[in-house]
Amino acid sequence: MDRSSLVFCAGSLVVCLGAAWLFFPLAAVEPETVAMAQTPQPAETLPMIDVGQGFGELPAVELIGYYVENPPAPPAAGAAPEPVIRFGGC
């Protein structure tokens, strides 16, 4: 490598690290938000969840209770695998 390539690489590295150091405080999550996210919240305080397809909104406590009472069934022996659902993009 010649000298101009090394100068370009070093300069690019300095500019990228400088930009990261400069803009990190703008992208960082506030400490209060991190503390709240790490604290478990009671299910009663969770918002209503829109389950869609004409079912409307249900409280999270009701959905959790239904899941506990009716866990997903394990796949039957020899059953075909579930199709992979891929969400399309642009």
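Preceding this section is the structure that the text describes.
Summarised in this report is the structure supplied together with it. (Residues numbered from 1 in each chain as written. Predicted model: local features only at pLDDT ≥ 70, side-chain atom pairs only at ≥ 80, totals over all residues. Heavy atoms only, no water.)

1. Comments concerning the overall build of the chain
Broken down by element type, the chain carries three helices and two strands. Mapped from its N terminus to its C terminus, the chain presents α and β elements in the order α-α-β-β-α. What you see for the chain is a C-alpha radius of gyration of 25 Å, clearly larger than the 12 Å of a compact globule of 90 residues, by over 25%. Here the C-alpha coordinates of the chain stretch approximately 70 × 45 × 25 Å along the principal axes. Looking at the chain residue by residue over its 90 residues, the buried ones come to 1%. Roughly 8600 Å² of accessible area belongs to the chain as shown, and the carbon and sulfur atoms make up 69% of that amount. (Helix = DSSP H or I, 4+ residues; strand = E, 2+ residues; numbered from the N terminus. Rg over C-alpha atoms; globule rule 2.2 N^0.38 Å. Buried < 20%, exposed > 50% of the residue type's maximum accessible area, 1.4 Å probe, protein only. Areas by Shrake-Rupley, 256 points an atom, 1.4 Å probe, with all protein chains shown as cover.)

2. Let's talk about a nonpolar patch on the surface
Residues W21, L22, F23 and L26 make up a contiguous nonpolar surface patch of about 560 Å² in total accessible area. Structurally, F23 can be placed in helix α1 (residues 3-27). Given a relative accessible area of 49%, F23 falls into the partly exposed group. (Patch = residues over 30% accessible without salt bridge, like charges linked within 9 Å, V, L, I, M, F, W, Y side chains within 5 Å. Salt bridge = Lys/Arg side-chain N within 4 Å of Asp/Glu carboxyl O.)

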